[in-house]
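Coordinate analysis (summary)
These are the residues of each chain, in order.
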Amino acid sequence: MEKASFYLRFQNTVETKEEDLGETMMEILAETTQRDKDDIRRDIDEVYRVHTNYARRNKLPKEVHVRFTKKTTKEEIYRKMRQDAIFYKGKEIITLKQIPRRVRDQRKNYNFLTKQLNKHKVMFRWLLPEALPKHYGGIEVAEKDQEMSRKPLEEDESFKQSIVKYCEPMSQKKKYARGYLPEYLKMGFIESVVNKQHPTCLLCHRTLSNKAMKPSRLREHLSTNHPNDKDKPIEYFQEIYKKFQNRSTIIASFKKQHAVNEDRLIAAYRISRLIAKSGKSYNIGETVIIPSIKEFISTVMHQDIPEILKMLPLSNSTVKRRIEEMAVNVEKKLISILQNSSFSMQLDKSTIADNNALLMAYVRYFDENNTLREERLFAINLITDTRGLSIFNTVKSYFTKNNIPLNNIVACATDGAPLMIGRYCGFVAYLKEEVPNVLCIHCVVHRQHLVGKHLSTSLHSSLTIIIRAINKIKSNAKNDRMFRQLCQDNNEDFITLLLHTEVQWLSKGTSLARFVALYDSVIQFFESHNETNLCQQLKTVKNDAFYLADIFKRFNDVNLELQGANKTLIGCQSIVSLFIDELLRYNLLKREFHQFPELSSIKNDVTPEDIDRFSSHLNKLKLDMEKRFEDILKLKVYDWMKNPFTANIEEADTICQEELLEIRYDEESKHKFNSGGYENLWENKKNACLISKYVENDSQFIDTFPYLISCGIRL
């Protein structure tokens, strides 16, 4: 029995430092065959890597060779891995059989033959054990008799010539196509509209093949099918050809109808706009929308499909073109407004797929109806680096190109990255050189996220253990399936855990909440899988997990409240002040757990040491919030700014009292306030000018945030 029949080769298996190759291959094979890992271990004799010429030439990891103790096991694994693609660390593993040395030596005698077949692009396969190549391209390689098989085929000139004789016509034979000549018109034929290499009869509109593109065949068609017209002069056929050119076609009818029916054109643009807003593929118009409308008309309304619907242009290219036209129009309209009015801007840099750096800008401004609006201004790829100077040059270049004065920027919000707020080389520093009076503010959502990241050493260690446990289950497909089944058996409200990612700021709170909800099932899962060490660690940090779930849930709530359209620093001040006040009122030292629902469920297990750690953490959170939001907390906001209908007007300056009285007795202003609060009330430019007048007499308000309402920040 040959030794190679027990081997399998695995290509493209990722190689790492200090890898345990045997354990890695056992895990891969166990998952592939749905067998226990111990069974696979008994069926494997040895595992090692080999640096082959193929791997070296294609810059791939070394091949993994596995010797099995049973041929049946090898055949089973080979069959399953050839049927289904197997991936390891994102790379597909290719499974091959080991070819015996005897067969490889025997195939060397046929190198001259395989070279000829490859040269002429003839597909072939090897027949074992004879080791003769047999192709799939239509040429049969005749089997040699015993006498010929003993003679080297490389020396058989007749055999080599027969291969070349059969192969060369396949690659060298070229098709000859006849061309159309003008004199063919006197026989009643023109070029086909679909394919100019085919003739079309003007009398019967029949299109012939290219082989008929010669005078004898054309005359035969004319005399056989149109005997009355065979002696007509060429002027007769020229007149017919003119009528053929001026005929009414489907394309001409569509263009005419498209120019006349403006309603259909408007509907097509509006449907394209809906497709753009949904983020779906452009071909959804002709593949889903039009068939759905037709189905509704025929099934519900029991009417025939109207012709106007059949001609509604919603193809892939048409929808794409219209979306691009609308985008250009919106950008031009926005630029025309920003050229002549003040506005605030939010700037953010993000790294997307393929390591491209994308710079995005949003603006808040008053439109032509004096209504506060928020729109995206641009999204531009940063070509090289992402330094503050590069970002500023990109913004300045866009503004200069579109004739938008930089002085129209009254406020700018950014994140806290050094490239944005650096004192000397940040974007803000370069912007203030051009616009000295611009107000630059650190995004309040980003500030709140930075506060949530600060944990004590013990809480950070506990969070690390929890995340490791979640990843232990979620990163392994088999563990995830088994845990899902366990949750179903335990009648849990949820059947899966949620992964935590640093990119998604809210994922930490949601991941901890789900972990706490499934805590008992997680412990049971690790106990059943002999993960004693990790299980014991999870039991140790149980109290920390329930506390972190509560505190991060509150962080998520605050984060969501700070987000949204038309948010202003007045509203942000209220939200931040409320959260700081809540931190101040949390009294865990007296074992008051009603504000911590998850921790309250295990309050009997909470020790005094835990309460001291949690209280210390809450105090640090309060101090950190007060430090990071110092400028917003010091912002002087009067009661009449939040509610001009019930506040004492005498608190306002005398120059504003008359305008406040007009707002108080204006029914339209009351309706806006009742429907959307003070944000909706101050959205109107006329009302917003009232605050602008007031802040001119309050230096503290000016220094903190001028144009607070009339040009607010998108937060």
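Residues numbered from 1 in each chain as written. Predicted model: local features only at pLDDT ≥ 70, side-chain atom pairs only at ≥ 80, totals over all residues. Heavy atoms only, no water.

**A look at a nonpolar patch on the surface**
As a reminder of what qualifies: In this analysis, a patch consists of residues with relative accessible area above 30% that form no salt bridge, clustered at 9 Å for like charges and at 5 Å for the nonpolar side chains Val, Leu, Ile, Met, Phe, Trp and Tyr. Each accessible area is a Shrake-Rupley result for a 1.4 Å probe, and residues are judged covered by the shown protein chains and nothing else. The term salt bridge refers to a pairing of a side-chain nitrogen on Lys or Arg with a carboxyl oxygen on Asp or Glu at a separation within 4 Å. The way it works is that DSSP assigns letters per residue, a run of H or I at least four long becomes a helix, a run of E at least two long becomes a strand, and they are numbered from the N terminus. Relative accessibility thresholds used throughout: buried, under 20% of the residue-type maximum; exposed, over 50%; partly exposed, between the two (1.4 Å probe, protein chains only).
A cluster of nonpolar side chains, namely F296, V300 and M301, defines an oily patch on the protein surface of about 290 Å² accessible area. Mapped onto the elements, F296 comes out in helix α13 (residues 284-299). Classification of F296 by relative accessible area gives partly exposed; the value is 46%.

**Looking at the environment of A327**
Here A327 is to be found in helix α15 (residues 316-338). Classification of A327 by relative accessible area gives partly exposed; the value is 45%. Each C-alpha atom of the pair A327 and A276 lies 9.9 Å from the other, and the pair is 51 residues apart in sequence.

**Description of the pattern of salt bridges**
Using the criterion set out here, one finds 26 salt bridges in the structure. The shortest N-O distance in the salt bridge between R41 and E23 comes to 3.1 Å. Placement of R41 in helix α2 (residues 37-43) and of E23 in helix α1 (residues 21-33) is noted, with a sequence separation of 18 residues between them. With a closest N to O distance of 2.9 Å, E375 and R373 form a salt bridge. According to the relative accessible area criterion, E375 is partly exposed, its value standing at 25%. Sharing partners across several salt bridges, the network here consists of E23, E27, K37, D38 and R41.

**Quick look at the packing of helix α19 (residues 444-453) against helix α28 (residues 608-628)**
Packed helix pairs are characterised by how far apart their axes lie and by the angle those axes make with each other. Condition: Between N-to-C directions, angles cover 0 to 180 degrees, with each direction set by a line fitted to C-alpha atoms, over the stretch in contact for helices. The cut-offs work like this: below 35 degrees is roughly parallel, past 145 is roughly antiparallel, 65 to 115 is roughly perpendicular, and the gaps in between are oblique. Take the far helix as your reference; a near helix turned counterclockwise from it by less than a right angle gives a left-handed crossing, and one turned clockwise gives a right-handed crossing. Any two residues having at least one pair of non-hydrogen atoms within 4.5 Å are treated as being in contact. When residues are grouped by polarity, Ala, Val, Leu, Ile, Met, Phe, Trp, Tyr, Cys and Pro land in nonpolar, Asp, Glu, Lys and Arg in charged, and all others, Gly among them, in polar.
Their axes nearest at 10 Å, the elements α19 and α28 cross at an angle of 155°. Here α28 runs roughly antiparallel to α19, going by the angle between their axes. Here the hand of the crossing between α19 and α28 comes out right-handed. Contacts between α19 and α28 involve R447, L450 and V451 on the former and, on the latter, L621, D624, M625 and R628. Looking at the contact of α19 with α28, its residues break down into four nonpolar, no polar and three charged.

**Notes on the confidence of the model for the chain**
Any region with low pLDDT has predicted coordinates that should not be read closely. To keep it simple, the criterion reads: pLDDT is a per-residue confidence score from the predictor, ranging from 0 to 100.
The predicted model of the chain has a mean per-residue pLDDT of 77, with 77% of residues at 70 or higher. Every residue in residues 134-151 is under pLDDT 50, and counting partners more than four places away or in other chains gives 27 contacts. Confidence over residues 693-715 falls short of pLDDT 50; this stretch has 75 contacts with residues more than four positions distant or in other chains.

**Notes on the sheet that holds strand β1 (residues 7-11)**
Convention followed: Only strands that DSSP links by at least two bridges are regarded as paired with each other.
Strand order in the open sheet formed by five strands is β2-β3-β1-β5-β4, with antiparallel pairing between adjacent strands. What marks the edges here is a single partner per strand, and that holds for β2 (44-50) and β4 (86-88). On average, adjacent strands in this sheet sit at an angle of 30° to one another, irrespective of strand direction. Inspection of the sheet shows β1 paired to strand β3 (residues 63-68) by four bridges, in the antiparallel sense. Looking across to β3, one finds that R9 is bridged to H65. Of the strands in this sheet, β1, β2, β3, β4 and β5 (91-97) are in contact with α1, which crosses β2 at around 115°.

**Describing the sheet that holds strand β10 (residues 343-351)**
Adjacent strands of a sheet pair through backbone hydrogen bonds, lying either parallel or antiparallel. Strands sit in the order β12-β11-β10-β13-β14 across an open sheet of five strands; the sheet is mixed. Each having just a single partner strand, β12 (372-382) and β14 (439-442) make up the two edges of the open sheet. Neighbour-to-neighbour, the strand axes of the sheet open up by a mean angle of 20°, direction not taken into account. One ladder, built from four bridges, connects β10 with strand β13 (residues 409-414); its direction is parallel. Of the residues in β13, the one forming a bridge with M345 is C412.

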